[in-house]
Amino acid sequence: MALTGCVSTAKSIVTAPFKVAGKAVDWTTTSQDESDRNRGRAERKAEQREEKERRQREKEQRRHRDDK
């Protein structure tokens, strides 16, 4: 009975570094889902920026057209 506890404790001690290393890898790597989500967010922001610039150009063109 006492030996079972020792084996269990020894197993926990031996496997602990691998569990910690696995967690560290999970925290430092980006999953495919996260990567897709980030790429989509970046594309939406770029589209919004382009749309804003397009509206500003059109506004400038109207202003110059009205000045003539």
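Since the structure is predicted, the reported quantities are computational estimates derived from the model, not experimental observations.

### Quick notes on the overall build of the protein
Moving on, step 1. Helices and strands together make up the secondary structure of the protein, namely two helices and zero strands.
Moving on, step 2. Per-residue burial for the protein yields a buried fraction of 1% across its 68 residues.

### With respect to the pattern of salt bridges
Moving on, step 1. This structure, assessed with the given rule, holds six salt bridges.
Moving on, step 2. Arg 39 serves as the salt-bridge partner of Asp 36, at 3.1 Å between the closest nitrogen and oxygen. A residue pair is termed a helical-turn pair when its members lie 3 or 4 positions apart in one helix, as Asp 36 and Arg 39 do in helix 2 (residues 32–67) at three residues.
Moving on, step 3. On the accessibility criterion, Asp 36 (37% relative accessible area) is partly exposed.
Moving on, step 4. The exposure class assigned to Arg 39 is partly exposed, which follows from its relative accessible area of 42%.
Moving on, step 5. Between Arg 54 and Glu 51 there is a salt bridge, with the nearest N and O atoms lying 2.2 Å from each other. Taken together, the positions of Arg 54 and Glu 51, both in helix 2 and three residues apart, correspond to about one turn of that helix.
Moving on, step 6. Because the salt bridges share partners, they merge into one network encompassing Glu 51, Arg 54, Arg 55 and Glu 58.

So, how was this worked out
Residues numbered from 1 in each chain as written. Predicted model: local features only at pLDDT ≥ 70, side-chain atom pairs only at ≥ 80, totals over all residues. Heavy atoms only, no water. Helix = DSSP H or I, 4+ residues; strand = E, 2+ residues; numbered from the N terminus. Buried < 20%, exposed > 50% of the residue type's maximum accessible area, 1.4 Å probe, protein only. Salt bridge = Lys/Arg side-chain N within 4 Å of Asp/Glu carboxyl O.

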